[in-house]
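Structural description and commentary
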Amino acid sequence: MKRMDTGEPYTYVRRQVGRTVKGLCERDELSQSELAAMTGINRSYLNELIAGKANPSLDKLVRVADGLGVPLTELFAGLDGVAPSALEYDGAGRNHDESAAGGAGKRPGSTGRR
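**Examining the pattern of salt bridges**
Going through the model one piece at a time under the given rule, you end up with one salt bridge. As a salt-bridge pair, Asp28 and Arg27 come within 2.8 Å of each other at their nearest N and O atoms. Using a relative accessible area of 27% as the deciding quantity, one classes Arg27 as partly exposed.

Shown next, in the form of structure tokens:
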């Protein structure tokens, strides 16, 4: 297990949020185009967000959470309990807990859409 360097926490958080949004879209059988229409966010920007390449504003994250019908905090599933700079990762961009769980990335007890 190696410690994240200075830039890695930011990249890891963006990727984790993107994986969460992707999982929620799959759960709700929503395409990126449908989510884009629901949120008023450009589809190509959503693609970048899901890929972990975009650095979304809080306003955009609120719109995504609202469109998915989940609390804003749900977008940060898997990141709670520790400061981002204290996360440890396995070199593949996954934190230690996620690696041990096989990278499932889904939060237990998630509820359906509104």
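**Some details on the packing of helix α2 (residues 32-39) against helix α4 (residues 58-68)**
With their axes 9 Å apart at the nearest point, α2 and α4 run at an angle of 110 degrees to one another. When the axes of α2 and α4 are compared, the pair comes out roughly perpendicular. When you trace α2 past α4, the crossing you get is right-handed. Contact residues: Leu35, Met38 and Thr39 in α2; Arg63, Val64, Gly67 and Leu68 in α4.

**Section: the nonpolar core**
Core analysis: the largest hydrophobic core is formed by 18 residues, its most contacted members being Val21, Val64, Leu68 and Leu75. The contacts of Val21, once residues within four sequence positions are left out, are Leu35, Leu49, Ile50, Val64, Leu68 and Leu75.

What counts and how
- Residues numbered from 1 in each chain as written.
- Predicted model: local features only at pLDDT ≥ 70, side-chain atom pairs only at ≥ 80, totals over all residues.
- Heavy atoms only, no water.
- Salt bridge = Lys/Arg side-chain N within 4 Å of Asp/Glu carboxyl O.
- Buried < 20%, exposed > 50% of the residue type's maximum accessible area, 1.4 Å probe, protein only.
- Axes fitted to C-alpha atoms, helices over the stretch in contact; angles between N-to-C directions.
- Helix = DSSP H or I, 4+ residues; strand = E, 2+ residues; numbered from the N terminus.
- Parallel < 35°, antiparallel > 145°, perpendicular 65-115°, else oblique.
- Left-handed = near helix turned anticlockwise from the far one by under 90°.
- Contact = heavy atoms within 4.5 Å.
- Core = buried A, V, L, I, M, F, W, Y, C linked by side-chain atoms within 4.5 Å.

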